[in-house]
Each structure stands twice: as structure tokens, then as C-alpha cells.
Amino acid sequence: QVQLVESGGRLVRAGGSLRLSCAASERYPMGWFRQAPGNERQFVAAINWTGGRTVYADSVKGRFTTSRDNAGNTVYLQMKTLKPEDTAVYFCAATLLSGAYTYTRASEYHYWGKGNQVTVSS
């Protein structure tokens, strides 16, 4: 059973920074999604198996960066210049699909973390 353990969510002021972590039991292509109350789950960022390929939603491009640690099992989402509209529960997800690519659809992911609340105050 794949386990994804997330950490790092908290309350932060607008303009601030925050880093989320997601530790997996093995190396997988990973994605980050978020869900605000009343909204559908939304793609944020994804990273392939090696960490050499990443993709971002337009709403976070230039502000968020996803990366892996050297061992490859932990993935990070560095968030800068946070805005109140970034407030959501953030989920990491792992896919069993090819490690060469990144994936932007929730249906492409097989395992999900429990979610981390990120609240950005204005």
C-alpha cells in the first residue's frame, strides 16, 4: 500500500511563503492538487519520476515550484507570493503511470494524501 504523508500547511499572510512536503514510500511521478470549499479539486503542479520535468497551472506559474529530494521519495511544493485565493486544502498524489511524464488530471492518479490546509489571510 502506497502511503503519502503530507506536512507544512498552516496560516500565512498574503505575500508570504510556505513549503509543503509529501513523503512517499517509494518514488513515483507526483502531483499537487487543491480544493477550496464549494469548488472542485484543481490541478496545481506535477513532477515526473526523475524530477527533470515539471508542469504548473497558470494560476500558480512563476509563484510555485515543485521539486524532489535527492532520494526522490519526498516531493515539495514551494509556494511564494501567496494570495488569499490560494487558500485551500492541498493534496499530493502519486501515479503508477509512466515515470517519464507529468500528469495534470486527478483521474490519472492512484494514491492520495489526506490533505493539508493552507490558509492565506489578506
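A brief report on the enclosed structure follows.

In terms of burial, strand β8 (residues 74-79) is a largely internal element, five of the six residues being buried. Bridge count for strand β3 (residues 18-24) against β8 is six bridges, and the pairing is antiparallel. Bridge assignment links L20 to a residue of β8, and that residue is L77. One ladder, built from five bridges, connects strand β7 (residues 64-68) with β8; its direction is antiparallel. Counted as the bridge partner of T66 is L77 from β8. Taken together, β7 and the strand that follows it, β8, pair antiparallel across an intervening segment of five residues, in which G72 is found at a positive phi of about 95°.

Mapping Q3 onto the fold places it in the segment before β1 (4-7). By relative accessible area, which is 54% here, Q3 ends up exposed. Once the C-alpha coordinates of Q3 and P29 are considered, the two residues, 26 residues apart in sequence, prove to be 14 Å apart. With residues up to four places along the chain from it excluded, the contact list for Q3 reads A23, A24 and S25.

To continue, consider the nonpolar core. The biggest cluster of nonpolar side chains holds 34 residues, and the ones touching the most others in it are M30, W32, L77, M79 and Y90. Of all elements in the fold, only β3, β4 (30-35), β5 (42-47), β8, β9 (88-94) and β11 (116-121) reach the threshold of two or more residues within this core.

Procedures and definitions
- Each residue is numbered by its place in its chain's sequence as written, counting from 1.
- This being a predicted model, a pLDDT of at least 70 is required before a residue's local features are given, and a value of 80 or more before pairs of side-chain atoms are given or counted; all residues contribute to the totals for chains, interfaces and linings.
- With hydrogens and water set aside, each side-chain value is computed from the structure's full complement of heavy atoms.
- The buried label applies to any residue whose accessible area, calculated with a 1.4 Å probe on protein chains only, is under 20% of its type's maximum; exposed applies above 50%, and partly exposed to all values in between.
- A run of H or I in DSSP counts as a helix once it spans at least four residues, and a run of E counts as a strand once it spans at least two, with each numbered from the N terminus.
- The criterion for strand pairing is that DSSP finds at least two bridges linking the strands in question.
- Contacts were defined at the residue level, with two residues in contact if any of their heavy atoms lie within 4.5 Å.
- What is meant by a nonpolar core is a set of buried Ala, Val, Leu, Ile, Met, Phe, Trp, Tyr and Cys residues, joined one to another through side-chain atoms within 4.5 Å.

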